[in-house]
Amino acid sequence: MASAASSTCQRRYDVFLSFRGEGINTFIDDHKLERGQVISPELFTAIENSLFSVVVLSQNYASSRWCLEELVKIVECMKSRGQTVLPISYNVDPSDVRKQSGIFGEPLAKHDQESLENMGKLQSWKDALTQVANLAGWDSRNKNEPLLIKEIVTTILNKVLSLSVGDTENMVGLDVRIQEVEMRLCLESNDILMLGIWGMGGIGKTTLAKAVYNKIRNQFEMCSFFENIGEDLAKKGLIRLQQKFLSQLLEEPNLNMNGLTSIKERLCSKKVLVVLDNMNDPLILKSLVGNQDWFGGGSRIIVTTRDKRLLALHGVFNIYEAQRFNNEEAFEFLTHYSLKHELSLDDYMELSREVLGYAQGLPLAVEVLGSFLFSMTREEWRNQLNKLKCTPNLKIQEVLKISYDGLDYKEKNIFLDIACFFKREDKDYVIEILDGCGFFSLSGIRALLDKSLITIDSNKLMMHDLIQEMGREIVRRQSLQEPGERSRLWFHEDIYDALKRNTASEKIEGIFLDLSHLEQTIDFTAQAFSRMGKLRLLKVYKSKDISRNFKDTSNEEKCRVNFSKDFKLCYDCLRCLYLHGYSFKSLPSDFNPKNLVELSMPYSHIQQLWKGIKVLEKLKFIYLSHSKYLIETPDFSGVTNLRRLVLEGCVSLRKVHSSLGDLKNFIFLNLKNCKMLKSLPNST
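Residues numbered from 1 in each chain as written. Predicted model: local features only at pLDDT ≥ 70, side-chain atom pairs only at ≥ 80, totals over all residues. Heavy atoms only, no water.

Q: Mind showing me how you'd approach the side chain of His 464 here?
A: Turning to its location among the elements, His 464 is positioned in the loop between strand S12 (460–462) and helix H22 (465–476). There is a polar contact of 3.2 Å between the side chain of His 464 and the backbone oxygen of Gln 360. Only 3.0 Å separates the side chain of His 464 from the backbone nitrogen of Leu 466, close enough to count as a polar contact. Residues in contact with His 464, not counting those within four places in the same chain, are Met 200, Arg 324, Ala 359, Gln 360, Leu 362 and Lys 423. (Helix = DSSP H or I, 4+ residues; strand = E, 2+ residues; numbered from the N terminus. Polar contact = N/O pair within 3.5 Å; in protein donor to acceptor, adjacent residues only side chain to side chain. Contact = heavy atoms within 4.5 Å.)

Q: Where do I start with the packing of aromatic side chains in this structure?
A: In this structure the tally under the stated criterion is 19 aromatic pairs. The interplanar angle of 50° and the centroid separation of 5.6 Å between the aromatic rings of Tyr 404 and Phe 415 together place this pair among those described as tilted. Here Phe 415 lies in helix H19 (residues 409–422) and Tyr 404 lies in helix H18 (residues 394–405), a separation of 11 residues in the sequence. A ring pair is formed by Tyr 582 and Phe 584, whose centres lie 5.5 Å apart and whose planes are at 75°; its orientation type is edge-to-face. What makes Tyr 582 buried here is its relative accessible area of 2%. Linked through ring pairs, Phe 421, Phe 422, Tyr 429, Phe 512, Tyr 541, Phe 621 and Tyr 623 together constitute an aromatic cluster. Of note, Lys 271 hangs over the ring of Phe 220, and the distance from its end group to the ring centre comes to 5.2 Å. A cation over an aromatic ring shows up here: Lys 308 above the ring of Trp 198, its NZ or CZ 4.6 Å from the ring centre. (Phe/Tyr/Trp six-rings, centres within 6.5 Å; stacked < 30°, edge-to-face > 60°. Buried < 20%, exposed > 50% of the residue type's maximum accessible area, 1.4 Å probe, protein only. Lys NZ or Arg CZ within 6 Å of the ring centre and 35° of its normal.)

Q: Honestly, the sheet that holds strand S18 (residues 576–579) in this entry has me stumped. Any pointers?
A: Within a sheet, each strand pairs with its neighbour through backbone hydrogen bonds, oriented either parallel or antiparallel. Taken in spatial order, the 8 strands of this open sheet run S13-S14-S16-S18-S19-S20-S21-S22, and their pairing is parallel. The open sheet has two edge strands, strand S13 (488–489) and strand S22 (668–670), and neither has a second partner. Of the strand pairs in this sheet, strand S16 (residues 537–541) and S18 are connected by 4 bridges, and their pairing is parallel. The partner of Val 540 across the bridge, within S18, is Leu 579. (Pairing = 2+ DSSP bridges.)

Q: What exactly am I supposed to notice about H19 here?
A: What sets the pattern is the α-helix's 3.6 residues per turn: residues three or four places apart point alike. With 14 residues, H19 should cover 20 Å at 1.5 Å per step; its first-to-last C-alpha distance of 18 Å lies within 8% of that length. Taken across its 14 residues, H19 has 11 buried, putting it largely inside the fold. Those residues of H19 lying buried are Glu 411, Asn 413, Ile 414, Phe 415, Leu 416, Asp 417, Ile 418, Ala 419, Cys 420, Phe 421 and Phe 422. Residue Asp 408 occupies the N-cap position of H19, its side-chain oxygen lying 3.2 Å from the main-chain nitrogen of Lys 410. Positive phi shows up at Arg 424, right after H19, with a value of about 75°. (Expected span 1.5 Å × (residues − 1).)

Q: Can you walk me through the environment of Lys 427 in this structure?
A: Tracing the backbone through its elements, the reader meets Lys 427 in helix H20 (residues 427–436). Spatially, the C-alpha atom of Lys 427 lies 9.3 Å from that of Ser 458, the residues being 31 residues apart in sequence. Filtering out sequence-adjacent residues up to four positions away, Lys 427 remains in contact with Ile 445, Ile 456, Asn 459, Lys 460 and Leu 461.

Q: Is there a simple way to think about the packing of helix H1 (residues 41–48) against helix H2 (residues 65–81) in this case?
A: Each pair of packed helices gets described by two things: the angle between the helix axes and the distance between those axes. As a packed pair, H1 and H2 sit with axes 9 Å apart at the nearest point and diverge in direction by 40°. When the interaxial angle is binned, H1 and H2 end up oblique. Seen along the crossing, H1 lies across H2 with a hand that is right-handed. For the pair formed by H1 and H2, the contact residues are Leu 43, Phe 44, Ile 47 and Glu 48 on the first element and Trp 66, Glu 70, Lys 73, Ile 74, Cys 77 and Arg 81 on the second. The residue makeup of the contact of H1 with H2, split by class, is 6 nonpolar, no polar and 4 charged. (Axes fitted to C-alpha atoms, helices over the stretch in contact; angles between N-to-C directions. Parallel < 35°, antiparallel > 145°, perpendicular 65-115°, else oblique. Left-handed = near helix turned anticlockwise from the far one by under 90°. Nonpolar A, V, L, I, M, F, W, Y, C, P; charged D, E, K, R; others polar.)

Listed below in structure tokens is the structure:
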């Protein structure tokens, strides 16, 4: 007999139940399938459309040709469709089923004697019985039947729920990504293989891993999709975490684990599929899947993580980088939400463009915004989109911030500096500045790359807009009401507010002021900067003219910064000083920033930087382009590590100090359009 439980999933049935009715009471909540001399197409379809098949192997099971035909079809679906088969040996010895011997084998002998027609099918029946009997299942002998039934039902229910079909059924572009992962898994090989799925938060690593797991799990003896690892570790400790992991794989809820070698001892001969989701601790990874010899041939271990270094530390170099939506995929994904609400075509197109522009292909952002914006009126969603420009969505930010939380102190500072100041800047230049801050930026930038917080494109540091927004929001939350109490300022209104009201505090480490956005003149006074003892980075620039090539502009606007006569800085921590349009003829006499790495003063009124010798051993870059009043360069004898000097457009320049030619580390000089310069030092 057969029964099937209805489901609202993509398949028609959750479970197909194959059993011989005598001695077993059951309730069938489906319409009775038509029976004839030959198994019906309707029954075949029911088997094909089920997620699981439960086969109850009773003493009389093999006496039914119908059941045996069902079993052949079930085994076929197990191989071709990935269907999970769960056998129950009901008052029979599983070895008798496997060998077709004893009480269980007697009916098969009768089939052999009854008809020549059965002879051709007999071998296929025996093969199917052997294959099913070799699968992990239940033996009812010496068991409390009600408790056994409860255990079986619980196990099947958990398996059905674990498939989470609803999590992936609307995920566009998933099929292509699944195929790419399957290629990396080399499922036809009997080698033991580990694969990392790596990418930024919210990019769909878990969704992809779950879809792959559901598709291939039938090819393994034991399977486990292990999630909430960090939460379980905090609550239960490492040993209990290992016990839970092994218990899931072995499907033994009351497992007692003795010693750290138990995992290897229990699994070294088993072909297993394991997914460790959202892994962030190398110690946990080592304790759960220590070495490949812990598992049997053909095993596959999939690890999803935001941290590429974690994979490398465990020797996992087979890595699939999770991809963002392209525009077509993101647009298709949004259509799922738009179909639930009545929107005009114009509104739909406008809203979609706004959402896609904000999300930039991040599936989490597309999903979060699509789920609530499309249910709003036009006025509401326009208002919400304007709000997002200054107040990030908390749900998205919380997911992205997990990667930041895993950084050390110096890595966090590097990340915040890039998010606030150095996005799209040349990597080598940023490394020089941040190394000057003592941040060990080469290894720090590597950490940010491995955690998918930044990328590098044409040697420029790049960052997803939502990650940059997350970083800047971390800084904003240092003091929501008082910008002068934050570590970094980049928004011109915040800078204006802090300097005008003299509220800039000792917490400020960096100020980047874009003059292109400034509508009113801002005063730089000694009093306004007097408390900024930790200031590392000060940059007053024009975004239209930010390139270090300093291309001239025909209609140069007047600088909107008023440098007071007493203007001075605390130089001790200063690493980068960039003052566009500096209005004095020279730097203050006490100018002595011993840690300065970059000095830039394009379009300044400087005639001579300083007189005499300044010992600035860490200074590597001097940019004075288009300083049309500059007459001569200073003595460079104390600037022993100077590497680049840009004097382009200094039309009044008459003399380059001879000490420039003695600098051993000097590599670049730009004197383009220095019309008054007649000669250079001999050794330059």
